[in-house]
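Chain by chain, the residues:
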Number of protein chains: 2
Amino acid sequence: MTKLLIIGAGRSTGSLVDYLLQHSAELNLELTVADLDIKLAQEKVQGNNRAKAISLNIEDKEQRQEVIKNHDFIISMLPAFMHGNVAKDCLSFNKHMATASYVSAEMKMINKEAQQNGLLFLNECGLDPGIDHASAMKLIHEIEAKGGTITSFKSYCGGLVAPESNDNPWGYKFSWNPRNVVLAGQGTAQYLKEGKIKYLPYNKLFKQTDLIEIEGYGRFDAYANRDSLSYIDVYGLSHVKTMLRGTLRQEHYCKAYDIFIDLGLTDDSTRLFHTNKLTYTDLLLAFLPSTSNDLKTVLKNVFEKRFDNDIEKMFDYLELFNHKKITLSEGTPAQLLQNLLEEKWKLNETDKDMIVMQHLFEYELNNTTKKVTSSLVVKGVNNKTTAMSKTVGLPLAICVKNFLTKKYTAKGVVIPTVKEIYNPLLAELENYDITFHEKFD
Amino acid sequence: MTKLLIIGAGRSTGSLVDYLLQHSAELNLELTVADLDIKLAQEKVQGNNRAKAISLNIEDKEQRQEVIKNHDFIISMLPAFMHGNVAKDCLSFNKHMATASYVSAEMKMINKEAQQNGLLFLNECGLDPGIDHASAMKLIHEIEAKGGTITSFKSYCGGLVAPESNDNPWGYKFSWNPRNVVLAGQGTAQYLKEGKIKYLPYNKLFKQTDLIEIEGYGRFDAYANRDSLSYIDVYGLSHVKTMLRGTLRQEHYCKAYDIFIDLGLTDDSTRLFHTNKLTYTDLLLAFLPSTSNDLKTVLKNVFEKRFDNDIEKMFDYLELFNHKKITLSEGTPAQLLQNLLEEKWKLNETDKDMIVMQHLFEYELNNTTKKVTSSLVVKGVNNKTTAMSKTVGLPLAICVKNFLTKKYTAKGVVIPTVKEIYNPLLAELENYDITFHEKFD
């Protein structure tokens, strides 16, 4: 019997738990779902007799270690910055571990010891990172197997709202952590373009976007992810001249959000006070040099042609011209903005979210340049059974099952870029309608 | 006898220690100067028989508490974010404390307990904050005493280089923490302008500057400090319509530094790797959209008229067009920039630094609007005996002496805005040629 512990019962844990419960008899699993809020854990477990829900305060070292000690495999669905202590405990008590998060510097450091102890620390095994790695590596290995040399790799992913549930001009509703969406892109993006390293600061990130087309779903803006450079080595693309990983939003989203960035509304470092005496109209005006009270005119004067009809509609939808009251009494500009967006970009009960992913390859084969595009679209069912939860949770669940059934033997800190991991993963994902469509030029 | 402990023997501690040693017999002081680097502490103490130097690791709780326990009054010259533990210890062991730093949220919270225990926690008692508060409050109280109502208050301060030592087109050399200079202004500045709250984001801060004139010293750029709003209450300026505290740089500095900000060179959140394979010319090019290698032409194309002759000279001085190698193998853009600036903006042995401060008041008296300007210029002697060290260290030293000699009785978390503190402080500073020149219109 394997005792499996899942820490964190948030939005993305549903599909993970469902899959593992469906396979619990076959795998002889006993499942524990732990969360600070035991109700969230109970919801996920749904009274299944092979599973139990517990309350766990991850900051309580003694309690955390006691729980980890009593399990064989730990899946951490906590926010990325909280994996560190769990990983250290897993190492101390000889437990395997899996996450859907990026490999942190801290995680990287335990690779050697994990390998020596025969432990698996599987990371980046959700959607993005996760499915993107698996599907990209499959194509890379196929192209290389027929003698091709990859010269350009661009990969984009976005968690959006399905067209049939899209009733707002931003084309966006929250299917995961709103804070991450509001702060997305702060820092410096790094990528490779035509053989040159490019650094893109936050103030240019939403300006220098790509336009992507997905057949049947229209056009999307893409802005660069923080770090594309380190994936050149990870993917083994030693001849690549262009390497970019990016995030998708509906067309026009980026130029509108860029106005927020320019205004200063995404700053998360400075607290503003007495903000419940202000409206959102006042807030924007305070960030503008004019002393006029006519926000729309001021925006048109300051941003000129940049503030176009698309953006006017998007701002209108957020009631920015409408003297809507700010409810928070204090907060950073980013927190005040997030508070508004959580209301306006809410995924309602019957709304379907949508995951869109696209890889674009260029490669040299027999002295000609060839292209291939690989695209994925996944839709959710409603605001509980989301495409986001499915595409983040299933890869983790499948890879944990495949490890327990010895379909692969990788040890140490690994990500799903190796054949023995991605092949059975991608094959099984197709059973769940997570299927890439490849188009060779 | 009073046992006085000074923690931190950095740049600004020299004048503080010198003053206290000069008055040690009269005050019956025994002085301890503590630093992680005992050599720095020894330099300051210079074998004086009323003083000793010790090595202290502030992170070592046991050692820190042992040392604090054995003294009566603690002056923390540590970086601001390190005061917290010292303050808690001072509260636990019933010791008075003083710093030259802004009152943090943490410090604010101990006010009540400090008052109850009869302890002084004197803060913001250096130059800026410090001398600015004292000199501004003196004028405010004088204007109010004759029946005036202050409607506008602007106050500017800068630590610069004296004209006779100014041999670079930036007009700037480091007289204090270079990191703070490089990162200055990140976040959102808050001030009051003509009755309206204004928020200014970092990407606009060095664009929307004021131009200040100091008689005999020429013109200076001024950018807004992070927080001017909270000083409306602190200074008791209930009728003020304009309230701005700002930082001075030589004219043209801000428009040039703003190019760094726009490029993304001041981001401190993202590490770049293998940077010792790059030159500073490469680094700037990587932040620009063009694929050309001619940095100067690219800057002219991208920034158009903004990249003018002044800025070209300033960039030239930093060897940015000169393919100068980066020596750090990794670092954030801000760290790479700082590394270059520390070389180029070094205060050399015989260089004199210069402190410039100016307050500009407008007030209503007998139904007419009046103005008053109060200006201060202080020059250093060389790169050891700086105007910065003198103007940061002396106010602290004098206020500690005045407390020990019972010239004032304030308790709790206080700053030098009250008469009993600022009057004897300003009077004594004049003995050290720290004298404001007031000009009434």
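Residues numbered from 1 in each chain as written. Chains lettered and ligands numbered in written order. Predicted model: local features only at pLDDT ≥ 70, side-chain atom pairs only at ≥ 80, totals over all residues. Heavy atoms only, no water.

Attention now goes to the sheet that holds strand E3 (residues 51-55) of chain B. Residues and elements named next belong to chain B. Strand order in the open sheet formed by 7 strands is E3-E2-E1-E4-E5-E6-E17, and the pairing between neighbours is parallel. Both edges of this open sheet fall to E3 and strand E17 (412-414), since each of them pairs with a single strand only. The sheet shows a mean angle of 20° between the axes of neighbouring strands, direction not considered. Sheet strands touched by helix H5 (residues 83-92): strand E1 (2-7), strand E4 (73-76), strand E5 (96-99) and strand E6 (120-122). Its angle to E5, the strand with the most contacts, is close to 160°. (Pairing = 2+ DSSP bridges. Helix = DSSP H or I, 4+ residues; strand = E, 2+ residues; numbered from the N terminus. Axes fitted to C-alpha atoms, helices over the stretch in contact; angles between N-to-C directions. Contact = heavy atoms within 4.5 Å.)

So, about the packing of aromatic side chains. The final tally for this structure, using the stated rule, is 48 aromatic pairs over all chains. With a centroid separation of 6.5 Å and 65° between ring planes, the pair formed by Tyr 102 of chain A and Tyr 231 of chain A is classed as edge-to-face. Pair noted here: Tyr 102 of chain A is in the loop between strand E5 (96-99) and helix H6 (105-109) and Tyr 231 of chain A is in helix H11 (residues 230-234), with a separation of 129 residues, a long-range link. The class for Tyr 102 of chain A is partly exposed, based on a relative accessible area of 38%. On the accessibility criterion, Tyr 231 of chain A (5% relative accessible area) is buried. Where Tyr 253 of chain B meets Tyr 257 of chain B, the ring centres are 5.7 Å apart and the plane angle is 5°; that geometry is what we call stacked. (Phe/Tyr/Trp six-rings, centres within 6.5 Å; stacked < 30°, edge-to-face > 60°. Buried < 20%, exposed > 50% of the residue type's maximum accessible area, 1.4 Å probe, protein only.)

Helices that pack against each other are described as a pair by the angle of their axes relative to one another and the distance between those axes. Residues and elements named next belong to chain B. Relative to each other, helix H1 (residues 13-22) and helix H17 (residues 387-404) sit at 35°, their axes nearing to 7 Å. Crossing of H1 against H17: the hand is right-handed. Counting all contacts with H1, which are made through Gly 14, Ser 15, Leu 16, Tyr 19 and Leu 20, the residues of H17 involved are Ser 389, Lys 390, Gly 393, Leu 394, Leu 396, Ala 397, Ile 398 and Lys 401. (Left-handed = near helix turned anticlockwise from the far one by under 90°.)

Let us now look at helix H4 (residues 61-69) of chain A. All names here are of chain A. The complete set of buried residues in H4 reads Arg 64, Val 67 and Ile 68. Axial view of H4: buried residues confined to an arc of 100°, hence all on one face. Elements in contact with the buried residues of H4: strand E1 (2-7), strand E3 (51-55), strand E4 (73-76) and helix H5 (83-92). (Arc of directions from axis to C-beta.)

Our next topic: the relation of the copies chain B and chain A. For the pair chain B and chain A, the superposition axis carries a translation of 0.1 Å, the fit reaches an RMSD of 0.1 Å, and the rotation angle comes to 180°. Both copies are brought into coincidence by an operation consistent with a two-fold rotation axis. Taking the C-alpha atom as reference, chain B places Asn 203 of chain B closest to the rotation axis, 3.9 Å from it. Of the residues that chain B buries at the interface, 100% are likewise interface residues in chain A, meaning the two copies contact each other through the same surface. (Least-squares fit on C-alpha atoms with pLDDT ≥ 70 in both.)

With the rule as written, the count across this model stands at 51 salt bridges over all chains. Among the ionic pairs, Lys 296 of chain B bridges to Glu 312 of chain B, the shortest N-O distance being 3.3 Å. Taken together, the positions of Lys 296 of chain B in helix H14 (residues 295-303) and Glu 312 of chain B in helix H15 (residues 309-317) put the pair 16 residues apart, joining distant regions of the chain. Exposure remark for Lys 296 of chain B: the relative accessible area of 23% places this residue in the partly exposed category. Taking the relative accessible area as the measure of exposure, Glu 312 of chain B reaches 17% and is therefore buried. Three or more residues are tied together by salt bridges with common partners; here these are Lys 207, Asp 258, Asp 262 and Arg 306 of chain A. (Salt bridge = Lys/Arg side-chain N within 4 Å of Asp/Glu carboxyl O.)

Once that is clear, we can look at the domain arrangement of chain A. Under the domain assignment, chain A is made up of domain 1 (2-123), domain 2 (131-251 + 350-379) and domain 3 (257-344). Its C-alpha centre places domain 1 of chain A at a distance of 29 Å from the equivalent point of domain 2 of chain A. (Domains from an automatic or database assignment.)

Residues and elements named next belong to chain A. The topology assignment puts Ser 152 in strand E7 (residues 149-161). Here Ser 152 falls in the buried class, since its relative accessible area comes to 8%. If near-sequence neighbours (up to four positions away) are discounted, Ser 152 is found in contact with Val 240, Thr 242, Leu 360, Phe 361 and Glu 362.

Another aspect to go through is the sheet that holds strand E2 (residues 29-35) of chain A. Residue and element names in this part refer to chain A. Strand order across the open sheet formed by 7 strands is E3-E2-E1-E4-E5-E6-E17, with parallel pairing between neighbours. Strands with a single pairing partner mark the edges of an open sheet, and in this sheet they are E3 and strand E17 (412-414). Each strand of the sheet is rotated relative to its neighbour by a mean of 20°, with strand direction disregarded. By the bridge criterion, 4 bridges tie E4 to E5 in an arrangement that is parallel. Among the inter-strand pairings, Phe 73 is bridged to a residue of E5, identified as His 96. Along the sheet face, helix H3 (residues 38-45) touches E2 and E3 and points at about 170° away from the line of E3.

On the chain A side, the residues contacting the 35 residues of chain B number 35 residues. Roughly 2500 Å² is buried in total at the junction of chain B and chain A, and carbon and sulfur atoms are behind 47% of that figure. Linking chain B to chain A there are 0 salt bridges. Counting the contacts that link chain B with chain A gives 26 residue pairs in polar contact (both at pLDDT 80 or more). Where the side of chain B that touches chain A is concerned, the elements lending two or more residues are strand E8 (188-193), strand E9 (196-201), helix H10 (202-205), helix H12 (253-263) and helix H13 (280-286) of chain B. Each residue belonging to the side of chain B that touches chain A can be placed in one class, and the counts come to 14 nonpolar, 13 polar and 8 charged. (Buried area = accessible area lost by both parts, 1.4 Å probe. Polar contact = N/O pair within 3.5 Å; in protein donor to acceptor, adjacent residues only side chain to side chain. Nonpolar A, V, L, I, M, F, W, Y, C, P; charged D, E, K, R; others polar.)

As a further point, take the pairing of E5 of chain A. Residues and elements named next belong to chain A. Residues His 96 and Ala 98 of E5 are buried on one face, and the alternating residues Met 97 and Thr 99, pointing to the opposite face, are buried as well. Handedness of the β-α-β unit built from E4, H5 and E5 comes out right-handed. Looking at chain direction, E5 and strand E6 (residues 120-122) are connected through 2 bridges and run parallel. Considered in E6, the bridge of Met 97 is made with Phe 121. (Right-handed = clockwise from strand over helix to strand, strands pointing away.)

All names here are of chain B. Considered for burial, the residues of helix H3 (residues 38-45) that qualify are Ala 41, Lys 44 and Val 45. The buried residues of H3 all sit within an arc of 95° when viewed along its axis, so they share a single face. Here the buried face of H3 lies against H1, strand E2 (29-35) and E3. Of the residues one or two after H3, Gln 46 is the one with positive phi, at around 50°.

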